[in-house]
Amino acid sequence: MRPPDFAFHTSPTLEDAVSVLASENGSMALAGGQSLIPMLRFRLVRPSVVVDIGRIEGLDTIESSEDILEIGALVTTNRVAQSSEVRALSPLWADAASAIADPLVRNLGTVGGNLAHADPLNDLPAALVAARGRVVAEGANGTRVIESDDLFAGPFETSLRRAELITGIRLPRSSAGAYEKMKRAAADYGVAGVAVQITGNGSGRIAVAGIAVTGGEEVATRAREAETLLVGSDADPSTIARAAAATAAAARMPGDERGSPRYKSELVKVLAGRAIRRAMERGAAG
Amino acid sequence: MTSIGARLPRKEDPRILAGKGRYVDDLTVPHMVHASFVRSPFAHADITSVDLAGARETPGVVASYSGSESAAGMPLIPTAAADWAPPRTPLTGDRVLYVGEPVAMVLASDPRTAVNGAERVDVDYEPLPHVLDPWEALSPGAPLVHPDRGTNKIGEIHKVIGDPDDAFARAHHVVSRRLTVQRISASPMEPRAILAVPEPSTGHLTVWLSCQGPHTLRTWLAHIFELDESKLRIVAPDVGGGFGSKLNLYSDELAVIWAALELGVPVKWVETRTENFTAGVHARDQIHDAELALDSRGKILALRSHFVGDLGAYFHFFTPVVPDLTIDTLTGNYDIPSVDIKLEKVFTNKMSIEALRGSGRAEATFVQERLIEEAARELGIDPVEMRLRNLVAPDQLPYRTPFGLTYTGGDYPALLERAAELVGYQAVRTRQAEARKVGRHIGVGFATYNLLCGFSPSGHDWNPMKFFPGHESTLIRVDPQGKAVVYSGLCPQGQGSDTVVAQIVADQLQIPFDHITVTHGDTETIPFGGGTHGSRGAVVGGHAALVAAERVVEKARQVAAAMLEAAAQDIAYEDGVFTVVGSPETAVSWHEVAEEAHFLKRCGPMFEPGLEATAFYDPPDVNFAFGANAAVVEVDTETGKVKILDFVSVDDYGVGINPGIVDGQIHGGIAQGIGQALYEQVSHDESGQVPSASFSAYLLPSAMEVPRLTLDNMVSPSDTPLGVRGVGESGTLASPPAIANAVADALAPFGVRIDRTPLRPDVVWELMHPE
Amino acid sequence: MKVSVVVNGAGHVVDCHPSTLLVHLLREELQLTGTHVGCDTSSCGACTVILDGAAVKSCTVLAGQADGREIETVEGLGPDGRLGPLQRAFAEHFALQCGFCTSGFLMAATALLRENPEPSESEVRKALEGNLCRCTGYQHIVDAVLSDPTGSGQP
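Keep in mind it's a predicted model, so treat the numbers as computed, not measured.

### Remarks on the overall build of chain A
Then, number 1: When helices and strands are tallied, chain A shows 12 helices and 14 strands.
Then, number 2: Against the compact-globule benchmark of 19 Å for 286 residues, chain A has a radius of gyration of 19 Å, which places it among compact chains.
Then, number 3: With respect to the three principal axes, the spread of C-alpha positions in chain A is 55 × 45 × 30 Å.
Then, number 4: Residues counted as buried form 58% of the 286 residues belonging to chain A.

Written out as structure tokens, the structure is:
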């Protein structure tokens, strides 16, 4: 399979990328290319210009402050998966990044690209939503910060404006996080995943809980009722079971090659229970 | 000096490891153009118009053809296996019968432009009702795939041997199941590829083709295009896997050849993976209503299976005979006196099924081993014990099956017992019981196999195919230095037969392995041979090499006799030295003989110059290899995911020529069996589309899914000079049922029936939680 | 579009169409045909090369993304056209059959061994999960990578 004809532009700076994307009708941004290039090979998209943003400097750092872990948009998913800093400050993100495709794809795929592609089966959207992360974006009108709940507009759609690019993400730190995913085999894209991040109140109760689902009809379905069930509890087994069931109830799972809605819904329940338990174990250990 | 049995490094490897392999897509010739196809998006539709104008306007497009314009000038494609075949032309003219059928072809100066041009071909279709389910296809009023025939039923074979009705009537117990072996894909890592190079000035045509046997295809090509076979050359360079899927001449490949002949320029086409899943052949796809009649001790009295084979829309080479193989192999290694087997073959609006590693026999093994496992469970007999009570015992050999096949050699109970021992059967049972107490579900499953292989003697029932040779060829040419080039009719796709053949020849000629070069896959240089398929490399191709080598040695003996002034029958040949029997000091070396054979300087014209010989070896009979597999799995009952914890294979392939190669064949076969058991399925949606047409949906097992495999072997030499049996397909037969049986065992507390594969997580979970 | 690449240590300037994939640049412009294409979905890894030190799927890289970068392919693995230690280990362990996937496995494993010279079996399998082989069942490939081909595990 060969991509359709297009022009290729390498942007040296963010300003250049924004300007070219704004002025060229039908232009598309390319970061690591691990989502866009397969679509190009199937000719599912036909950009006039592919704008390579992968060489823009300053967008590939991992930094942390007291509360926040900041990851640049061009950090590869393999770096996230292997970073000891991420593993310590956001095990949810370390898990989710490790779950993406395979190491060869992760060597090029980027955090910004994985989010901006907004594929319901991509793993980082749910990790962003569960972590209550924020996305920093830059466009023609300057920089803005987008709350995770406001980023995804639907499958393969985001609230990013035309010529607006993700430059980085800000994640509240928590050692109590986990991502559980079902892949039928290594080459499988994935059936479903559940992201969980929890913050304790310092006295054994849950203060903040974030739960989101990969693989539903929406991108990163947030399980609000499940979160509410957990908040204030000490995550006893029956509360976890109810939260897991509530997670499954929140996500509308499509029936397809990978399973029926009935199966996937049960799978989400199981994965949610496992993710919550693992997050709690990590929180207790951390 | 003995090479046979030694773990010698493969002759094939250094070049490929250096990145210097030569697959068809690696070849470039001057003035070459590239093809791209327009394919049917419908399972069944009339083509109302094809507009090529857009393609023809695309800069760089050299030519474009549609079936509706050109089919009349295109040849019909026959089948090798039946008198009648559904008419099929390289590009379809007026009606498409499956998704992926080639409708138009665009040729351009480079591959990207060819795709650009193909995108601009405008085809109008009038969709017709289609039929995908074989049972539905057999029912009255079903849409007809080939309306002229008036039915979708291709044919029926019914074999009743012994007295099955009586056995079922008096049986203590009958176990019945509907068992399905799904449609799968060979999925060689190299998709199909062809480069057709015409020579208009002489009328010659060279076709570089990723294939499994160039000679047969040359005959067919000459037949189809009414060409002189002498002007046709087919070359299979390095072939990146075939597994049965590259025995054919496909419609699109013939379209490429047709266009090359029309235009007089070289045409190259390399299939995409997506095309391989729709326009490349599929395999298996049988549904069996099967039952066993048993006495109170679990002895099988009779086997009945009435089954349907969904063959798809057209015939490729072996399409109509693949399910026939299932019939006669359904009793496997078991002593079953009475059988009632009925096969109905059906057309549907899908791509054809074809040969695929273990074809016909893998389906049979799944049915027999699933049934026996269920019988053991229902009778409360241990599954190993159940099998031991029914396996053909060594003292029954030679054993004639109800279908008239004769098994010789081997100890089937011992193979199974060894597998049970290696898997630690009793320890696994203990572990299983412990695990169940904490809610974990481990299971152990067994299966045995009997691989009918070494296809196939020319006159044998298993070789009914027109223009399909049963023999294999070898030409050995020794040069004046005494080194040999071996021209083998085999056409390997990774089997390592250059190495195996060299080992056989080295032992006969008594020269170093490194002094032998093996070449294959070129009709211009290789004597007419059959190619590589059906586990025939060693047992047919190996014997051709053996006989040719014996003839070379005989000739060398005559030369030595002349040199030593003795009679040929008095010449001994040992360790590379010819001596006169009784006077070992009177000797000439192999090298001296080779030199003299060409130059006749010492003896003068006492013999015909040259040192070479050709052999065509037609095996006296088919062969059999056998073994037993054991699998231990854990099922995550919450998600339905199956993990293989341990896998044991104990095989008897007769004499193993190269242990590294033989183990690799078994590993690879088991990996494919794991895929069939747990992951792989070519699926069709209601419209006949193939949603599984990619490696992200059609899941090949990776290094994460195939566990470390434990192999052992027992050797019962076959009744052939080399003692070899066959091994290429061994791993594919027992592994799917062994794994399915292990899953059934793990889930026994849940009363789940495992009646089909693949046992993907959702499938297992749905079985455990019926609506 | 002009693309400058250093492939196996040698610099090249290639004039190619902007939609060219790196794998086709290597195969069709530079005639380095040891890198193969086995699928359309970035699944099989037959096209694996090392790009600026990281193993990647060259079917999922545009030529322009490789501009100015260093690429290693199977052709560059051995010194002076001879086989390197990992290639020899593949031969010794019967780690290839048809050979179509082999260069991808060699490149993925090369990248692994540079980063982790003494990997465990599970680390090897994880590092190779993006490479599919239909012939070998993987065991001989894993054995070859585990055989300490570069001798780093020697005392």
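### Some points on the environment of B:Arg557
Residues and elements named next belong to chain B.
Then, number 1: If you trace the backbone, Arg 557 turns up in helix H16 (residues 537–564).
Then, number 2: For Arg 557, a relative accessible area of 16% puts it in the buried group.
Then, number 3: Taking C-alpha positions, Arg 557 is 66 Å from Leu 747, a pair spaced 190 residues apart along the chain.
Then, number 4: With residues near it in sequence (within four places) discarded, Arg 557 still touches Ala 568, Ile 571, Ala 572, Tyr 573 and Phe 578.

### Re the interface of chain C and chain B
Then, number 1: Listed as interface residues are 47 residues of chain C and, on the opposing side, 55 residues of chain B.
Then, number 2: For the pair chain C and chain B, the two sides together bury roughly 4100 Å², of which 57% comes from carbon and sulfur.
Then, number 3: Contact with chain B buries surface across chain C, with C:Phe94, C:Arg134 and C:Gln139 losing the most and accounting together for 22% of the total.
Then, number 4: Remark: the boundary between chain C and chain B carries five salt bridges.
Then, number 5: Here B:Arg708 makes a salt bridge to C:Glu121, at a shortest N to O gap of 3.1 Å.
Then, number 6: Where chain C touches chain B, the interface holds 24 residue pairs in polar contact (both at pLDDT 80 or more).
Then, number 7: For the side of chain C that touches chain B, the secondary structure elements donating two or more residues are helix H1 (22–29), helix H2 (85–92), helix H3 (102–115), helix H4 (121–127) and helix H5 (139–146) of chain C.
Then, number 8: With five residues, the top contributor of residues to the side of chain C that touches chain B is H5(C).

### Some thoughts on the interface of chain B and chain A
Then, number 1: At the interface, 30 residues of chain B touch 25 residues of chain A.
Then, number 2: With both chains or domains summed, chain B and chain A bury close to 2400 Å², and 52% of this area falls on carbon and sulfur atoms.
Then, number 3: Along the contact surface separating chain B from chain A lie 14 residue pairs in polar contact (both at pLDDT 80 or more).
Then, number 4: With five residues, helix H4 (residues 111–119) of chain B is the largest single contributor of residues to the side of chain B that touches chain A.
Then, number 5: Split by residue class, the side of chain B that touches chain A holds 11 nonpolar, nine polar and 10 charged.

### Looking at the sheet that holds strand S7 (residues 142–147) of chain A
All names here are of chain A.
Then, number 1: Read from one edge of the open sheet, five strands run S4-S5-S10-S6-S7, paired in antiparallel fashion. Looking at strand neighbours, the two that pair on one side only are strand S4 (62–64) and S7, the edges of this open sheet. When strand polarity is set aside, the average angle formed by the axes of neighbouring strands in this sheet is 20°.

### Description of the nonpolar core
Then, number 1: The biggest cluster of nonpolar side chains holds 152 residues, and the ones touching the most others in it are B:Leu292, B:Phe446, B:Val633, B:Leu678, B:Ile739, B:Val743 and C:Phe90.
Then, number 2: Aside from chain neighbours lying at most four places away, what touches B:Val743 is B:Val633, B:Val635, B:Val642, B:Ile754 and B:Leu759.
Then, number 3: In this structure, B:Val131, B:Ile194, B:Cys211 and B:Leu247 belong to the second largest nonpolar core, which totals 64 residues.

### Description of the environment of A:Ala235
All names here are of chain A.
Then, number 1: If you trace the backbone, Ala 235 turns up in the loop between helix H10 (224–230) and helix H11 (237–250).
Then, number 2: Residue classification places Ala 235 among the buried residues on the basis of a relative accessible area of 11%.
Then, number 3: It is 7.6 Å that separates the C-alpha atoms of Ala 235 and Ile 206, two residues lying 29 residues apart in sequence.
Then, number 4: In this structure Ala 235 touches Ile 206, Ile 240 and Met 280, once residues within four positions along its chain are discounted.

### Focus: the pattern of salt bridges
Then, number 1: Tallying each qualifying case throughout the model produces 86 salt bridges over all chains.
Then, number 2: Residues A:Arg144 and A:Glu164 are paired through a salt bridge, measuring 2.7 Å at the closest nitrogen-oxygen approach. Placement of the pair is A:Arg144 in strand S7 and A:Glu164 in the loop between strand S9 (157–158) and strand S10 (165–172), with a sequence separation of 20 residues.
Then, number 3: Taking the relative accessible area as the measure of exposure, A:Arg144 reaches 23% and is therefore partly exposed.
Then, number 4: Given a relative accessible area of 8%, A:Glu164 falls into the buried group.
Then, number 5: Between B:Arg304 and B:Glu291 there is a salt bridge, and its shortest N-O distance comes to 3.0 Å. Remark: B:Glu291 occurs in strand S13 (residues 282–294) and B:Arg304 occurs in strand S14 (residues 300–312); sequence separation between them is 13 residues.
Then, number 6: When its relative accessible area of 16% is taken as the criterion, B:Arg304 is described as buried.
Then, number 7: What makes B:Glu291 buried here is its relative accessible area of 18%.
Then, number 8: One network of salt bridges, in which partners are shared, links B:Arg39, B:Arg192, B:Asp252, B:Glu253, B:Glu271 and B:Glu275.

### Some words on the pairing of strand S13 (residues 206–214) of chain A
All names here are of chain A.
Then, number 1: By the criterion of burial, S13 is predominantly enclosed, with seven of the nine residues buried.
Then, number 2: As paired strands, strand S12 (residues 192–200) and S13 are joined by eight bridges and run antiparallel to one another. In the strand pairing of S13, Thr 199 is matched with Val 208.
Then, number 3: With antiparallel pairing between neighbouring strands as the criterion, S12 and S13 make up a hairpin whose turn holds five residues, including Gly 202 at a positive phi of roughly 90°.
Then, number 4: Pairing geometry for S13 and strand S14 (residues 221–222), over two bridges, is antiparallel. When the sheet's bridge partners are listed, Val 213 is paired in S14 with Thr 221.

### As for the sheet that holds strand S12 (residues 267–270) of chain B
Residues and elements named next belong to chain B.
Then, number 1: Across the sheet, seven strands lie side by side as S3-S5-S1-S12-S9-S10-S11; this open sheet has mixed pairing. Lying at the two open borders of the sheet, with one neighbouring strand each, are strand S3 (61–66) and strand S11 (232–235). On average, each strand axis in the sheet is inclined to that of its neighbour by 20°, with strand direction left out of account.
Then, number 2: Looking at chain direction, strand S9 (residues 193–199) and S12 are connected through four bridges and run antiparallel. Within S12, the residue paired with Ala 193 across the bridge is Val 270.
Then, number 3: Lying over the sheet, helix H7 (residues 214–225) contacts strand S10 (204–209) and S11, oriented at roughly 145° with respect to S11.

### Here's the deal with helix H5 (residues 91–98) of chain A
Then, number 1: Among the eight residues that make up H5(A), seven are buried, leaving the element largely enclosed by the rest of the structure.
Then, number 2: Every buried residue of H5(A) is listed here: A:Pro91, A:Leu92, A:Trp93, A:Ala94, A:Asp95, A:Ala96 and A:Ala97.

### Thoughts on the packing of H11(A) against helix H12 (residues 261–285) of chain A
All names here are of chain A.
Then, number 1: Relative orientation of the contacting elements H11 and H12 amounts to 140°, with a least axis distance of 8 Å. Between H11 and H12, the angle is such that the two are oblique. Crossing of H11 against H12: the hand is right-handed. Contacts between H11 and H12 involve Ile 240, Ala 243, Ala 244, Ala 245, Thr 247 and Ala 248 on the former and, on the latter, Ser 265, Val 268, Lys 269, Ala 272, Gly 273, Ile 276 and Arg 277.

### Here we look at the pairing of strand S3 (residues 48–51) of chain C
Residues and elements named next belong to chain C.
Then, number 1: Residues Thr 48 and Ile 50 point to one face of S3 and Val 49 and Leu 51 to the other, with burial holding for every one of them.
Then, number 2: Sheet topology note: the S3/strand S4 (residues 54–57) ladder contains four bridges and is antiparallel. When the bridges of S4 are listed, Leu 51 appears paired with Ala 54.
Then, number 3: Here S3 folds back onto S4 in antiparallel fashion, the turn holding two residues, of which Asp 52 has a positive phi close to 45°.
Then, number 4: Bridge analysis of S3 against strand S5 (residues 69–72) gives two bridges, and the strand direction is antiparallel. Bridge pairing in S5 links Ile 50 to Glu 72.

### Considerations on the domain arrangement of chain C
All names here are of chain C.
Then, number 1: Per the domain assignment, the segments of chain C are domain 1 (2–75) and domain 2 (79–146).
Then, number 2: Relative to domain 2, the C-alpha centre of domain 1 lies at a distance of 20 Å.
Then, number 3: Listed per partner, the contact involves 17 residues of domain 1 and 14 residues of domain 2.
Then, number 4: Across the domain 1/domain 2 interface, buried area totals approximately 1200 Å², and carbon plus sulfur atoms make up 59% of it.
Then, number 5: Inspection of the region where domain 1 meets domain 2 yields one salt bridge.
Then, number 6: A salt bridge links Arg 114 to Glu 72, with the nearest nitrogen and oxygen atoms 2.6 Å apart.
Then, number 7: At the boundary of domain 1 and domain 2, one finds seven residue pairs in polar contact (both at pLDDT 80 or more).
Then, number 8: Secondary-structure elements contributing two or more residues to the side of domain 1 that touches domain 2 are S3 and S4.
Then, number 9: In terms of residue count, the dominant contributor to the side of domain 1 that touches domain 2 is S3 (three residues).

What counts, and where the lines are drawn
Within each chain, residues carry numbers counting from 1 in the order of the written sequence. Written order determines the labels here, with chains lettered from A and ligands numbered from 1. Whole-chain, interface and lining totals are the exception, using all residues; otherwise, since this is a predicted model, local features are given only for residues with pLDDT of at least 70 and side-chain atom pairs are given and counted only at 80 or more. Water and hydrogen atoms play no part in the side-chain values, which are based on all heavy atoms of the structure. Counting from the N terminus, the helices are the DSSP runs of H or I reaching at least four residues and the strands are the DSSP runs of E reaching at least two. Taken over C-alpha atoms, the radius of gyration is set against a globule rule of 2.2 Å times the number of residues to the power 0.38. Whether a residue is buried, partly exposed or exposed follows from its accessible area with a 1.4 Å probe, protein chains only, as a fraction of its type maximum: under 20%, in between, or over 50%, in that order. A contact between two residues is defined here by any heavy atoms of the two lying within 4.5 Å. Once two parts are put together, the accessible area they lose, assessed with a 1.4 Å probe and summed over both, is termed the buried area. The term salt bridge refers to a side-chain nitrogen of Lys or Arg lying within 4 Å of a carboxyl oxygen of Asp or Glu. In protein, a polar contact means a hydrogen-donor-capable atom and an acceptor-capable atom, both N or O and within 3.5 Å, with residues adjacent in sequence counting only if both atoms are side-chain atoms; elsewhere, any N or O pair within 3.5 Å suffices. Residues are grouped as follows: nonpolar covers Ala, Val, Leu, Ile, Met, Phe, Trp, Tyr, Cys and Pro; charged covers Asp, Glu, Lys and Arg; every other residue, Gly included, is treated as polar. Note on pairing: two strands pair once DSSP finds at least 2 bridges between them. Axes here mean lines fitted to C-alpha atoms, for a helix over just the part in contact, with angles spanning 0 to 180 degrees between N-to-C directions. Only buried Ala, Val, Leu, Ile, Met, Phe, Trp, Tyr and Cys residues count toward a nonpolar core, and they belong to the same one when joined by side-chain atoms within 4.5 Å. Angles below 35 degrees are treated as roughly parallel, those above 145 as roughly antiparallel, those between 65 and 115 as roughly perpendicular, and all remaining angles as oblique. By convention the crossing between two helices is left-handed if the near helix lies anticlockwise of the far one by an angle smaller than a right angle, and right-handed if it lies clockwise. Residue ranges assigned to each domain were obtained from an automatic or database domain assignment.

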